[in-house]
Amino acid sequence: MKPQPIISHLVAVYSIFCLAGLGCCSATRLTVLDVLQGIQREEQQGYGPIFEEQPIDTVYPEESPDGRVSMNCRARGIPTPTYKWQRNNWEMDITLTKGHHNMVGGNLEINNPEKSVDEGTYICLATNIHGTIRSREATLNFGYLYPFTPEKRYEVKVPEGVGAVILCDPPPHYPDDLSYRWVLNDFPEFITLDKRRFVSQANGNLYIAKVEASDKGNYSCFVTSNSITKSVFSSFIPLIPQPDRTTTKGYLPDIRVKFKDTYALQGQNVTLECFALGNPVPEIRWTKYLDPMVATADVSLSGAVLRIFNIQFEDEGIYECEAENHRGKDKHSAKVYVQAYPEWVEHINDTERDIGSEFHWHCVAAGKPLPTIRWLKNGLPYWKGELRFASLKFDDSGMYQCIAENTHGIIYSNAELKVIVLAPTFELNPMKKEVLAARGGQAIIECKPRAAPRPKLTWSRGTELLRNSTRIRIWYDGSLEIINVTVADGGNYTCFVENNKGKANSSSTLIITAATRIVLAPTNVDVIVGQNATMQCLASHDPSLDLTFIWTLNGYPIDVDKENDHYERTIMIKDNGELIVKDAQLRHAGRYTCVAQTIVDNATASADLVVRGPPGPPGGIKIGDIRNTSVVLTWSRGTENHSPISNYTIQSRTFLSEYWKNAKTVPPVVEGNAESARVIDLTPWMEYEFRIMATNILGTGEPSIPSQKIRTDESPPIVIPSEVGGGGGSNRELTITWVPLPREYHFGNDFGYVIAFKSFDQNDWKKVTVTQSDVGRYIHKDESMPPSSKYQVKVRAFNNRGNGPFSLPVIIYSAEDAPTERPRHVNIKVRSSTEATVSWQHISNPSLTGYQIRYWSVHEKEIAANKVQVSNKNVSVRLENLKPDTQYHVDVAAFNSAGIGPTSSTLVFTTEKAPPRQKPNITGAVRYGSKFLITWDHVRSQSNESSVKGYKVLYRPQGQYNGTLYVTGKHYIEVPAPVKNQYVVEVRAHSEGGDGEVAQVLIPGTIYLISRSRDWSIT
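On a predicted model such as this, the values are computed, not experimentally measured, just so you know.

Now for the layout of surface pockets. Computed from the structure, the largest pocket encloses a volume of approximately 1900 Å³. Around the largest pocket sit 42 residues that line it, and Arg285, Glu324, Trp685, Arg711 and Asn749 are the ones nearest its centre. Of all the elements, strand β24 (residues 283-288) adds the most residues to the lining of the largest pocket, at five residues. For the lining of the largest pocket, the residue count by class is 13 nonpolar, eleven polar and 18 charged. Quantified by volume, the second largest pocket comes out at close to 530 Å³. Lining the second largest pocket we find 20 residues, and of these Asp354, Pro449, Ala451, Arg454 and Pro455 sit closest to its centre. Every element with two or more residues in the lining of the second largest pocket is listed here: β29 (351-354) and β40 (450-452). Ranked by the residues each element gives to the lining of the second largest pocket, the list is headed by β29, at three residues.

This next bit is on the nonpolar core. It is characteristic of soluble globular proteins that their nonpolar side chains tend to be buried jointly. Trp551, Ile558, Tyr567, Leu579, Tyr592 and Leu609 are the most contacted members of the largest nonpolar core, which totals 22 residues. The set of elements that each furnish at least two residues to this core consists of β48 (525-528), β49 (533-535), β51 (548-553), β54 (579-581), β55 (590-597) and β56 (602-612). Excluding its chain neighbours within four sequence positions, the residues that come into contact with tyrosine 592 are Met535, Trp551, Thr552, Leu553, Ile558, Tyr567, Leu579, Val581, Ala605, Ser606, Ala607 and Leu609. Counting residues in hydrophobic clusters, the runner-up holds 21 residues, among them Val158, Tyr180, Tyr219 and Val232.

This paragraph deals with the state of the cysteines. Counted by the stated rule, this structure contains six disulfides. Shown here is the disulfide that connects cysteine 274 with cysteine 321, its sulfur atoms set 1.9 Å apart. Since a negative S-S torsion denotes a left-handed disulfide, the cysteine 274-cysteine 321 link at about 55 degrees is right-handed. One end of the pair, cysteine 274, is in strand β23 (residues 270-279); the other, cysteine 321, is in strand β27 (residues 317-325), with 47 residues separating them in the sequence. One exposure class covers both cysteine 274 and cysteine 321, and it is buried.

To continue, consider unusual backbone geometry. Here lysine 368 and proline 369 are connected by a cis peptide whose omega angle stands at 0 degrees. Within the element layout of this structure, proline 369 appears in the loop between β31 (364-368) and β32 (372-377). Proline 667 follows valine 666 through a cis peptide bond whose omega is 0 degrees. With respect to the helices and strands, proline 667 occurs in the loop between β61 (664-666) and β62 (670-671). Despite not being glycine, asparagine 484 shows a phi value in the positive range, around 50 degrees. Within the secondary structure, asparagine 484 is located in the loop between β44 (480-483) and β45 (491-499). Looking at asparagine 484, the relative accessible area reads 48%, which means it is partly exposed. The phi dihedral of phenylalanine 747 is positive, around 65 degrees, even though this residue is not glycine. Here phenylalanine 747 shows up in the loop between β68 (733-739) and β69 (752-759).

One can find histidine 326 in the loop between β27 and β28 (328-346). The class of histidine 326 is partly exposed, set by a relative accessible area of 47%. Sequence separation between histidine 326 and cysteine 537 is 211 residues, and the spatial gap between their C-alpha atoms is 77 Å.

Reading the values: rules and limits
Along each chain, residues carry numbers from 1 onward, in the same order as the chain's sequence is written. The model is predicted, so local features are restricted to residues of pLDDT at least 70 and side-chain atom pairs to those at 80 or more, both for listing and for counting; the totals for chains, interfaces and linings are taken over all residues. For the side-chain quantities, the full set of heavy atoms in the structure was used; hydrogens and water were omitted. Definitions used throughout: a 1 Å grid over protein atoms alone; a cavity as a set of points that fits a 1.4 Å probe which cannot get out; a pocket as an open set with protein on both sides within 12 Å along at least five of seven lines; a lining residue as one with an atom within 4 Å of a point. Grid points are joined across faces, edges and corners, and a volume is the space filled by probe spheres set on the points. Strands are runs of DSSP state E lasting at least two residues, helices are runs of H or I lasting at least four, and both sets are numbered from the N terminus onward. Under the scheme applied here, ten amino acids are nonpolar (Ala, Val, Leu, Ile, Met, Phe, Trp, Tyr, Cys and Pro), four are charged (Asp, Glu, Lys and Arg), and all others, including Gly, are polar. The criterion is simple. A nonpolar core is a set of buried Ala, Val, Leu, Ile, Met, Phe, Trp, Tyr and Cys residues joined through side-chain atoms within 4.5 Å. Relative accessible area decides the class of each residue, using a 1.4 Å probe on protein chains only: under 20% of the type maximum gives buried, over 50% gives exposed, and in between gives partly exposed. Only heavy atoms enter the contact rule, under which two residues are in contact if any of them lie within 4.5 Å. Defined by distance alone, a disulfide is two cysteine sulfur atoms within 2.5 Å.

This is the structure:
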């Protein structure tokens, strides 16, 4: 039980006794007050509950195997708080649902949760003798994602070149935080999103801007609930593209994914989707109406998604997406509203106030919409709006909660209000024993005792009672102020305080000191950037006190130690505060004030430092009269920095470079009194930004902030495509090539190329259009075109404003015919188990590029044949990495740029068996005289290995790979004895299938005999 009702009861009993005349004496009064204050002191030793953990919104999966939910609540306080829970504003009696509900500390545990019983809003209440606080509201909901219906979905037939939308239609679910992907034919083959295909995360639908034959297949919508980590598939939906020649010319963009008016909270990330069907596939562009696009915006998924990170109030506005192809445009726009969750501007804190005092508890919150304020006391509704107490009572003590609420959420601020009663005392805040004051200055003697209710206060000097006068004033908080202090004001001052609970007093001695004065003040200084300036300052003061100097610039203190690159103090001369400004910069100009101060008083003197330098940056750049090669800039003058501006320099920058370049202007020299100029010789249809720098006789100043980016108007292209040429290719083809023009030479939208060509027996040029700006190749097919015919070709660029000039005509040749002659006299020589040589007779044909050799084993299909190509100078080729003891097919064909000719007759060959895998077993290495005799056992071949024809012996110095190679049919050999160093002898079996594994022995230059193979250095 809280003490407040007890205190009120005792006060009432005491009052009844007094009214009845039953011993209402001072002794009785003090005894009751002692009881009251004793109870209050006991209560003040602790504090009310403070939440350390509060319940949070929880989604419990209906299919969860856990079978338990915990709503957490923890608070600290003295004494330790107790806890209660409410569900849907009804108090829960845990004892009646034991087993289903358990309390662990303040946590509420729900076993085997049931939606009909447990879903709802939960609140935790923490209580001790100081009061009750109420937690934020937390919801418990049950999450689910049901399977798709098993019904078969109808096939979708769409003409090729036309857009398609395949509906997902997700099943019932909670919460609405689904993510979508689409499976093509088999899981987990998810379709790849690109410029042509898009999956909306708003509804899950699959959008295909232009259907192609490769889109044929079975599609399934794959839905994932992130809250309950569950995924489901839809039935497969067949998509069948239908060939349709009528759509080859394309169609206008049609925006099908449209974002709606969106409400976002400040600081959130916002996602807007926009996707269009169209042929060709439309380009998606995003803009913000009447404003530049926000800096934190990011466009992804080929333009279909605009994400705004950490959105702010200034990002609110109308956003527009535009889909465009060469057939036309489509637009969509909607507004993004930025609002805000409540946040505290001023929240409440634990507070002690005197009984009977007036109290206004400030609680202010910001948000959009503006939050409303309401109050709880001890967990119960108490007030709305501002909370004011005209005269605090004991019953006003308790735990208060200020609640700020708008449509987006609720925030709580908790604090304890303690109403106290106390006789005056100086124990917690005693008066100073001595107070110093300077002659002619001001003296303030503080008197701030602890007392409740507020005490009556009087001052005396010695035996003289002090009252307010022209020189003396007693403040509301009890402090005594004396102005124009004289030596006669020194002495002892006493403060007397009294309330209805008692009396107290305390004293201070006022000591008068000499005043501090500036005797040598700083004077105004005028310097140029980079020069030094000296600001003098000399002061007198009371000799019993320490003197310090502080300098300020425009009212802000200067940290000489931190800024020692530009400031220096003279400390060698007593009472001298001289300041040296080194290497003065424009930022150092201003009003310098010297402050000479002691612990008692201070004196100040000021002077101005003028720093002359290059001009400051111009401001307010605006761009107007935008044309294809020029714009007009206007600006406002920056600071001259005490030297007139002589001229301006205008610079420009494009996306092509990070560096700024000086721009040409009209007039060529922009005078210092100008505030506008025309920038000329710009590139049409190019995005520019500009900046301006001002110059005076002292130099060029810092550049202005870059202007907003603009795009110059469009214009017909004037640059001629370079390196026009071509030739070659496949049969009946004319290949024309050129170097695509860089983006800066497009000069407009819908950029492309016009290709003109004619044979020498034709009068009229044939022209075709290439609409891809980055393409530098065109192939013209004509079955009637004779091979190796001479053509004239030329190329020019175009855009939506017109055509550029043609390049000079160049001569190229149409493609040759593919070879018609078969290679003859094809021979094959098997060299080993893994190699064979193919040779043939040369074909006399000047247009021949080379030969192609195909080979494949009997276990492989001809379509998977290996291919080797050689130049027309070769008439043989070595095939390597073949399989041992395997039959192969091989043929040869000639080829040129037009294609591959007919193949020779197919030949068959079989590789040799593999060489023996067994190493020779070296049995001896004996020196006699100047020779070594090396012996080994014969190697016996397995049935699947080639027969041994002999042995190869390599005699080489140790550490080198070259040496003398011997071939023998015997199982021994003589080699020279080394004169010095060591030699290695390598022995391997030789067969038709190649060489076998190597055995080796190390022979030294000294005589010794190896009696057993295990004693030799043999591998």
